[in-house]
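So you can see what is in the structure, the chains are spelled out below.
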Amino acid sequence: MFSFFNKIRKTAFLSTFIASYKYMKKQDASDEDALQKAIMGFAYRRPFNVLTEDDISWLAKNFATLPDPKALGMILGEMDTAGDATGLKKREIILKLIEDIRKMQKDGKYLL
């Protein structure tokens with residue numbers, strides 16, 4: 001039963017993140033700016049309050065290279081559920097993850 005509620009929580013988080021991203025895109029924001037603003041919408045609260053403005057800018061810049069913002073939204077949703085966003089500060093791991101997502105997209109194995 002607990003995993004059912006976690007799934008609902010992740011879905012709600014992703015929906016909120018994507019809605020924020022799309023709203024910023026309608027305001028003529030670049031992908032990077034829209035991602036940054038979407039992350040900032042959560043940065044005031046735990047677990048994302050460990051992220052600095054530099055961390056958020058870096059995440060937005062690097063995830064903006066992917067064609068779909070859902071990848072970042074799903075990762076943030078997992079961090080939210082786990083209650084720990086410190087993994088987002090591990091830049092080498094994040095860059096590897098982005099590269100893996102890019103390869104999966106190229107191979108047609110990345111489905112959201």
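Conventions and cut-offs
Residues numbered from 1 in each chain as written. Predicted model: local features only at pLDDT ≥ 70, side-chain atom pairs only at ≥ 80, totals over all residues. Heavy atoms only, no water. Helix = DSSP H or I, 4+ residues; strand = E, 2+ residues; numbered from the N terminus. Contact = heavy atoms within 4.5 Å. Phe/Tyr/Trp six-rings, centres within 6.5 Å; stacked < 30°, edge-to-face > 60°. Core = buried A, V, L, I, M, F, W, Y, C linked by side-chain atoms within 4.5 Å. Buried < 20%, exposed > 50% of the residue type's maximum accessible area, 1.4 Å probe, protein only. Expected span 1.5 Å × (residues − 1). Axes fitted to C-alpha atoms, helices over the stretch in contact; angles between N-to-C directions. Parallel < 35°, antiparallel > 145°, perpendicular 65-115°, else oblique. Left-handed = near helix turned anticlockwise from the far one by under 90°. Nonpolar A, V, L, I, M, F, W, Y, C, P; charged D, E, K, R; others polar. pLDDT = per-residue confidence, 0-100. Salt bridge = Lys/Arg side-chain N within 4 Å of Asp/Glu carboxyl O.

The subject of this paragraph is the overall build of the protein chain. For the protein chain, the count of helices and strands is 5 helices and 0 strands. Listed N to C, the secondary structure of the protein chain is α-α-α-α-α in terms of helices and strands. When contacts within the protein chain are restricted to residue pairs at least 6 apart in sequence, those whose partners lie at least 24 apart make up 70%.

Turning our attention to the packing of aromatic side chains. Taken as a whole, this structure holds 3 aromatic pairs when the rule is applied. Three or more aromatic residues joined by ring pairs form one cluster here, namely Phe13, Phe42 and Phe48.

As a further point, take the nonpolar core. With 30 residues, the main nonpolar core has Phe17, Ile39, Phe48, Leu59, Phe63, Leu76 and Leu88 as its most contacted residues. Among the elements of the structure, α1 (2-26), α2 (31-40), α3 (53-63), α4 (70-82) and α5 (91-106) are those that each provide at least two residues to this core.

Bringing α4 into the picture now. Given a rise of 1.5 Å per residue, 13 residues ought to cover 18 Å, and the 18 Å separating the end C-alpha atoms of α4 matches this to within 8%. Regarding α4, the residues found buried are Ala71, Leu72, Gly73, Ile75, Leu76, Gly77, Met79 and Asp80.

This paragraph deals with the packing of α2 against α3. Two quantities define a packed helix pair, namely the angle between the helix axes and the distance between the axes. Put simply, α2 and α3 touch, their axes get as near as 8 Å, and they point 135° apart. As summarised for this structure, α2 and α3 are arranged oblique, according to the angle between their axes. For the pair α2 and α3, the sense of crossing is right-handed. Along its contact with α2, which presents Glu32, Leu35, Gln36, Ile39 and Met40, the element α3 presents Ile56, Ser57, Leu59, Ala60, Lys61 and Phe63. Of the residues contributing to the contact of α2 with α3, the split by class is 7 nonpolar, 2 polar and 2 charged.

Below, the discussion takes up α3. Residues spaced three or four apart along an α-helix face the same direction, because each turn holds 3.6 residues. Of all the positions in α3, only Asp55, Ile56, Trp58, Leu59, Ala60, Asn62 and Phe63 are classed as buried. Residues of α3 that are buried make contact with α2, α4 and α5.

It is worth spelling out the confidence of the model for the protein chain at this point. On average, the protein chain scores 89 in pLDDT, and the residues at 70 or more come to 88%. Confidence scores differ between elements of the protein chain, with α1 showing the lowest mean pLDDT of 80 and α3 the highest of 97.

Here we come to the pattern of salt bridges. Under the definition given, this model contains 7 salt bridges. Between Asp31 and Lys25 there is a salt bridge, with its nearest N and O atoms 2.7 Å apart. Taking the relative accessible area as the measure of exposure, Asp31 reaches 32% and is therefore partly exposed. For Lys25, a relative accessible area of 31% corresponds to the partly exposed category. Taking the shortest distance from any N to any O, the salt bridge between Glu99 and Arg102 comes out at 3.2 Å. Pair noted here: Glu99 and Arg102 are both in helix α5, with a separation of 3 residues, about one helical turn. The exposure class of Arg102 is partly exposed, given its relative accessible area of 30%. Salt bridges sharing partners connect three or more residues here, namely Asp54, Asp55, Lys89 and Arg91.

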